[in-house]
Amino acid sequence: MHNLKEIRKNFDGFKKGLKKRFVDIDFDKLEDLDKNNRELIQKKELLEKEKKDISKSKDKSLFAKSKDISENIERINEKQKLIQKSLDDILSNIPNIPHNDVPEGKNETDNIEINKSGTIRKFDFTPSSHYKIGEKLGMLDFDLATKTTGSRFVFVKNKLALLERALSNFMLDTHIKKNGYEEISPPLLASEATMFGTGQLPKFENDQFEVKLEEGTDRKFLIPTAEVILTNIVKDKIIDIKSLPMRFVASTPCFRKEAGSYGKDTKGMIRQHQFYKVEMVSIVEQDKCSDELERMTNCATGILDLLELPYRKMILCSGDMGFSAEKTYDIEVWLPSENRYREISSCSSCSTFQAFRMKARYKDQTKGTLYAGTLNGSGLAVGRTLIAILENYQEKDGTITIPKVLRPYMNNLEKISLN
RNA sequence: GGAGAGAUGGCUGAGCGGUUGAAAGCACCGGUCUUGAAAACCGGCAAAGGGGCAACUCUUUCCUGGGUUCGAAUCCCAGUCUCUCCGCCA
């Protein structure tokens, strides 16, 4: 969320920054409400002062007057709270302002490739899709998931289940031992406030799975990504600057409704309601965001390098970025069956956007109390990594060669085959 | 599920109707001392919001939301969370 105080200082700059996002915001209304709000606050404070003075004087003759003032304050307060609420409603639905580096563009077609890495394998047969391979091996079962649960779920079985687990462990180990992240095994449910903190609420409620609880109790949601719960570790906190940067990593299931993606990637496990993802989160001093984003992105691509999977790095255009992001790199892995790259990781700097929502701050010696910078990135999406391995490491006979770095995690198994 | 106890600043913790934004300690920052460091001593140190070019100033905030009162951290009600005991269950 944006700080109204900062917006006020440079309203035109604010408008201009958001123009890149192609969002429809009633700026005039925002400005009006703010002006109105401040007038009411001033009125209220004047009366409050008067009341306070009477109370301090303990002069009984003034008590009746004080009561009058109280009523007056109450009236103004009602009005002011209403305006404040409209103001908050508008503000909490405004996305982050794109960083200067971010190219202007409408949608994913305007994203820009930064570089490619790895070699694309030449097949002497037509490469099969991951779901065909998986089903033939009897280790991916979509029909069974439909029976027990519904669409967009999958049973991963046998050696592929082991591969999935191996991938999680391999990624976690790498980020923990090599990249300095602290391992976390977090709750998979998040409160409403937590979901607000990272920006999933209020605007994207439709994408979230909410858990049904007794009426009147606080709402809870299945996390759509560990980013939500890891980032909120610093919610409502004044962080000791010495503990920055903080880096967390977790492997968790993620739950998404995928509303509005009907007909998109209906086959296979590219787009599921539930999937495992290894997520990295960094909390940094606010001026360190850009450096940390590069570092984090390298942590993500490092995994692909080790797995020897070909990929490319994209910078997202303004129109394709997530709500809370100021700058995002997508890492796309090569999928032979589709003959194209598909997203396998997304690393974003959210500048102070989430920190302001969460009230996550630290004290800087010269600059006072500052909002922290928050970053998140997949390192990597485990389900999609599984797909990439199935497709890139498939052999003509339907078997899968296991990448060398994963073998220690799979009892030194070298190949996945029917037997 | 039954019975209690509690929630105060970065942390620990006092206060339980009237300059209490809040004692004390720790942490942190500045200084004196020291060859340097430690210790000791002195000083500083909450956040959010409003006004002001600024110095500064005002308001709010002691879990959240209501209420009582001229006045609430302190009393009442509701909610959230934490802890202890009993029961139940991984």
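Along its length, chain A carries 12 helices and 18 strands. Its C-alpha atoms put chain A at 95 × 45 × 40 Å along the principal axes. Sorting the 419 residues of chain A into buried and exposed places 50% on the buried side. Across chain A, the fraction of contacts at a sequence separation of at least 24, relative to all contacts at a separation of at least 6, is 73%. For chain A, the distance from the average site of its 69 positive side-chain charges to the average site of its 64 negative ones is 1 Å.

On to the domain arrangement of chain A, then. Its domain assignment divides chain A into domain 1 (26–91) and domain 2 (108–416). A C-alpha centroid distance of 46 Å is found between domain 1 and domain 2.

Before going further, it helps to spend a moment on the pairing of strand E16 (residues 373–381). When you tally the buried positions in E16, you get nine out of nine residues, the bulk of the element. As paired strands, strand E10 (residues 274–284) and E16 are joined by seven bridges and run antiparallel to one another. From the neighbouring strand, Lys277 faces E16, where its bridge partner is Ala381. Note that strand E13 (residues 340–349) and E16 share three bridges and pair antiparallel. Paired with Cys347 across the two strands is Gly377, which belongs to E16.

What the rule picks out here adds up to nine aromatic pairs. Measuring from centroid to centroid gives 5.4 Å for Phe204 and Phe323, while their planes differ by 75°, and the two rings are edge-to-face. Note that Phe204 is positioned in the loop between helix H8 (192–198) and strand E6 (210–211) and Phe323 in the loop between strand E11 (311–315) and strand E12 (327–335), a separation of 119 residues in sequence. Here the aromatic residues Phe11, Phe14 and Phe27 are joined through ring pairs into a cluster of three or more. Here the guanidinium or amino end of Lys313 rests over the ring plane of Tyr329, the centre of that ring lying 4.2 Å away.

Conventions used here
Along each chain, residues carry numbers from 1 onward, in the same order as the chain's sequence is written. Chain letters and ligand numbers both follow the written order, the letters beginning at A and the numbers at 1. Side-chain atom pairs in this predicted model are given and counted only at pLDDT of 80 or more, local residue features only at pLDDT of at least 70, and totals for whole chains, interfaces and linings cover all residues. Water and hydrogen atoms were dropped before computing side-chain values, which therefore reflect all heavy atoms in the structure. Where helices and strands are cited, they refer to DSSP runs of H or I of at least four residues and of E of at least two residues respectively, numbered from the N terminus. Categorising residues by exposure relies on relative accessible area from a 1.4 Å probe, with only protein chains included: less than 20% of the type maximum marks a residue as buried, more than 50% marks it as exposed, and the intermediate range marks it as partly exposed. Here a residue-residue contact requires only that any non-hydrogen atoms of the pair lie within 4.5 Å. For this count, His and the chain ends are skipped, Lys and Arg are scored as positive, and Asp and Glu as negative. We put the charge of a Lys on NZ, of an Arg on CZ, of an Asp on CG and of a Glu on CD. Here the limits of each domain have been adopted from an automatic or database domain assignment. Only when DSSP finds a minimum of two bridges between them are two strands counted as paired. Pairing of aromatic side chains requires ring centres within 6.5 Å, counting the rings of Phe and Tyr and the six-membered ring of Trp. Pairs whose planes differ by under 30 degrees are stacked, by over 60 edge-to-face, and all others tilted. Put simply, a charge is over a ring when the Lys NZ or the Arg CZ is close to the ring centre, within 6 Å, and near the line of the ring normal, within 35 degrees.

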